[in-house]
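# Structural overview for review
As a plain string of letters, each chain reads:
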Amino acid sequence: GPSGCGKSTLGKAILRLTKPTGGNVFFEGKDLNSLSKAAMREQRKHLQMIFQDPYASLNPRMTVGQIIGEPLRTFGLTNGSTESRVQELMETVGLSRRFAKRYPHEFSGGQRQRIGIARALAVDPQFIVADEPISALDVSIQAQIMNLMERLQAEKNLTYLFISHDLRAVRHLSDRVAVMYLGRIVE
């Protein structure tokens, strides 16, 4: 759908990052809208998000290693091996392990988006809302990120809600397509 039609709001409402005004969201038979905060927190391990702006979504005061490792610490999944898991995730998304101590401002837009993807993958989610993950990137980098997402989808058996107004990207990554207009799915 066009800009401003509600695509990002829908993605955030599905993850309860924005409070839905109505309807139901079911994940593995559970209505996410009816879950308590504690129960929803438990579900967040399975539901992650890749944000549109790779710079604004990364804490500038944290190193890349801290950013990618944060979900592991948040959900108590460290088991003393956070550093090795972070390095594994960095390699998975095409970043060198030696970048773990650098800060977000030291990276290009494509590299920042790879950091965001690694952070989303940290807890081995089943479902990822990808909110226009390539729109802020140069055209040459967009193809790299789309190919990375496609490879990860196959390797990790991921389901994406890929939000975009770029029909080329939608055609490349999507099995099913819904078109939004003025806050409603029209096709």
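Our subject is the structure that appears above.
The notes below deal with the structure included here. (Residues numbered from 1 in each chain as written. Predicted model: local features only at pLDDT ≥ 70, side-chain atom pairs only at ≥ 80, totals over all residues. Heavy atoms only, no water.)

### Brief notes about the overall build of the protein chain
From N to C terminus, the protein chain includes seven helices and seven strands. Secondary structure of the protein chain in N-to-C order comes out as α-β-β-α-β-α-α-α-β-α-β-α-β-β. The C-alpha atoms of the protein chain give 16 Å as radius of gyration, which agrees with the globular expectation for 187 residues (16 Å, within 12%). C-alpha extents for the protein chain along the principal axes are approximately 45 × 40 × 30 Å. Expressed as a percentage of the 187 residues in the protein chain, the buried residues total 45%. Restricting to contacts in the protein chain with at least 6 residues of sequence separation, those with at least 24 account for 67%. Taken as a whole, the protein chain presents about 10,300 Å² of accessible surface, with 48% of it coming from carbon and sulfur. For the protein chain, the distance from the average site of its 25 positive side-chain charges to the average site of its 18 negative ones is 5 Å. (Helix = DSSP H or I, 4+ residues; strand = E, 2+ residues; numbered from the N terminus. Rg over C-alpha atoms; globule rule 2.2 N^0.38 Å. Buried < 20%, exposed > 50% of the residue type's maximum accessible area, 1.4 Å probe, protein only. Contact = heavy atoms within 4.5 Å. Areas by Shrake-Rupley, 256 points an atom, 1.4 Å probe, with all protein chains shown as cover. Lys, Arg positive; Asp, Glu negative; His and termini not counted. Charge placed at Lys NZ, Arg CZ, Asp CG, Glu CD.)

### Thoughts on the pairing of strand 3 (residues 47-50)
Residues Leu47 and Met49 line one face of strand 3 and the alternating positions Gln48 and Ile50 line the opposite face, and both faces are buried. Where strand 3 meets strand 4 (residues 127-131), four bridges bridge the pair, whose relative direction is parallel. Residue Ile50 lies in a different strand from strand 4, and its bridge partner there is Ala130. (Pairing = 2+ DSSP bridges.)

### Some remarks on helix 3 (residues 64-74)
Listed as buried for helix 3 are Val64, Gly65, Ile67, Ile68, Gly69, Pro71 and Leu72. Where the residues of helix 3 are buried, they touch helix 4 (82-92) and helix 5 (109-121). Positive phi appears at Gly76, one or two residues downstream of helix 3, with a value of about 65°.

### Section: the environment of Gln111
With respect to the secondary-structure elements, Gln111 resides in helix 5. Among the residues examined, Gln111 registers a relative accessible area of 25% and is labelled partly exposed. Between the C-alpha atom of Gln111 and that of Phe75, which follows or precedes it by 36 residues, the distance is 25 Å. Excluding its chain neighbours within four sequence positions, the residues that come into contact with Gln111 are Leu95 and Phe99.

### A few points about the packing of helix 3 against helix 5
It is the contact of helix 3 with helix 5, at a shortest axis distance of 7 Å, that shows an interaxial angle of 30°. Here helix 5 runs roughly parallel to helix 3, going by the angle between their axes. In this structure, helix 3 uses Val64, Ile67, Ile68 and Pro71 to contact helix 5, whose residues at the interface are Ile115, Ala118 and Arg119. Of the residues belonging to the contact of helix 3 with helix 5, the class tally is six nonpolar, no polar and one charged. (Axes fitted to C-alpha atoms, helices over the stretch in contact; angles between N-to-C directions. Parallel < 35°, antiparallel > 145°, perpendicular 65-115°, else oblique. Nonpolar A, V, L, I, M, F, W, Y, C, P; charged D, E, K, R; others polar.)

### Some details on the pairing of strand 4
Put simply, side chains in a regular strand alternate between the two faces of the sheet. Burial runs high along strand 4: five of the five residues are buried. Burial along strand 4 is two-sided: the residues Phe127, Val129 and Asp131 and Ile128 and Ala130 are all buried. Looking at chain direction, strand 4 and strand 5 (residues 159-163) are connected through five bridges and run parallel. Note that in strand 5 the partner of Asp131 across the bridge is Ile163. One crossover worth recording links strand 4 to the parallel strand 5 by way of helix 6 (residues 139-156), and it is right-handed. (Right-handed = clockwise from strand over helix to strand, strands pointing away.)

Interpretation note: all reported values are geometric properties and have no functional meaning in isolation.
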